[in-house]
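Results of the structural survey
Below are the chains, spelled out letter by letter.
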Amino acid sequence: MPHDRLSAYLERVEKAVSGCRDAYVERYEEEIVTPERANLRVRIRFRNGCLLEINEAVIVKAETLAHLDYRYHCQDAAGNLLFRYDSTPHFPGLPNFPQHKHQGEGVVGASRPDISRVLNEAQSE
């Protein structure tokens, strides 16, 4: 049985995803690794052809939910990157390292956004 904080987070994500307008959820997978850890994989296709992939590894530490790793990747119907937030440590000079955002050809320092914000950003592309 997952920790209450983990369960609440997963329920919030599921509700946000199910509330997406003009979208089809191609994949929604919650993997409960331990009662305090889960991996989340979501793939959403929007009517305009955009694809959003959500990948998270979350854990409860000292009664607080933390993200071990994340990637929110959005591309257009032709496969061109629109944006990607991730925590891969390959841009050490950016603020908020290792968190950052890819925008087209550029990369900027950015904190991990809330899932609702990512969904809204993808829907507005």
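Residues numbered from 1 in each chain as written. Predicted model: local features only at pLDDT ≥ 70, side-chain atom pairs only at ≥ 80, totals over all residues. Heavy atoms only, no water.

What follows deals with the sheet that holds strand β3 (residues 51-61). Strands sit in the order β1-β2-β3-β4-β5-β6-β7 across an open sheet of seven strands; the sheet is antiparallel. Every other strand in the sheet has two partners, leaving β1 (23-34) and β7 (106-109) as the edge strands with one partner each. With strand direction ignored, the average angle separating the axes of adjacent strands in the sheet is 15°. Note: strand β5 (residues 81-86) against strand β6 (residues 100-103), three bridges, orientation antiparallel. Across the sheet, Asp86 pairs through a bridge with His100, a residue of β6. Against the sheet, helix α1 (residues 4-18) engages β1, β2 (37-46), β3 and β4 (64-75), with an angle of about 175° to β1. (Pairing = 2+ DSSP bridges. Helix = DSSP H or I, 4+ residues; strand = E, 2+ residues; numbered from the N terminus. Axes fitted to C-alpha atoms, helices over the stretch in contact; angles between N-to-C directions. Contact = heavy atoms within 4.5 Å.)

This part takes up helix α2 (residues 115-123). Within α2, the full set of buried residues consists of Ile115, Val118, Leu119, Glu121, Ala122 and Gln123. Where α2 is buried, its residues contact α1, β2, β3, β4, β5 and β6. Between a side-chain oxygen at the N-terminus of α2 and the backbone nitrogen of Ser116 the separation is 3.0 Å; the capping residue is Asp114. (Buried < 20%, exposed > 50% of the residue type's maximum accessible area, 1.4 Å probe, protein only. Polar contact = N/O pair within 3.5 Å; in protein donor to acceptor, adjacent residues only side chain to side chain.)

For the rest of this paragraph, the subject is the packing of aromatic side chains. In total, this model carries two aromatic pairs according to the counting rule given. Between Phe83 and Tyr85, the ring centres sit 5.7 Å apart and the planes meet at 70°, which makes this aromatic pair edge-to-face. Tyr85 sits in the buried class, given a relative accessible area of 1%. The ring centre of Phe83 lies 5.6 Å from the NZ or CZ of Lys101, which sits over that ring. (Phe/Tyr/Trp six-rings, centres within 6.5 Å; stacked < 30°, edge-to-face > 60°. Lys NZ or Arg CZ within 6 Å of the ring centre and 35° of its normal.)

Let us now look at the side chain of His102. With respect to the helices and strands, His102 occurs in strand β6. Here Asp86 takes part through its side chain, which lies 3.2 Å from a polar atom of the side chain of His102. The residues touching His102, leaving out its near neighbours within four places in the chain, are Leu81, Leu82, Phe83, Arg84, Asp86, His90, Phe91 and Val107.

Following Phe97, the chain continues into Pro98 via a peptide bond in cis, with omega recorded as 10°. Relative to the assigned elements, Pro98 resides in the loop between β5 and β6. Positive phi outside glycine occurs at Ala62, with the angle close to 50°. Relative to the helices and strands, Ala62 resides in the loop between β3 and β4. Even without a glycine there, the phi angle at Asn96 is positive, about 70°. With relative accessibility at 40%, the residue Asn96 sits in the partly exposed group.

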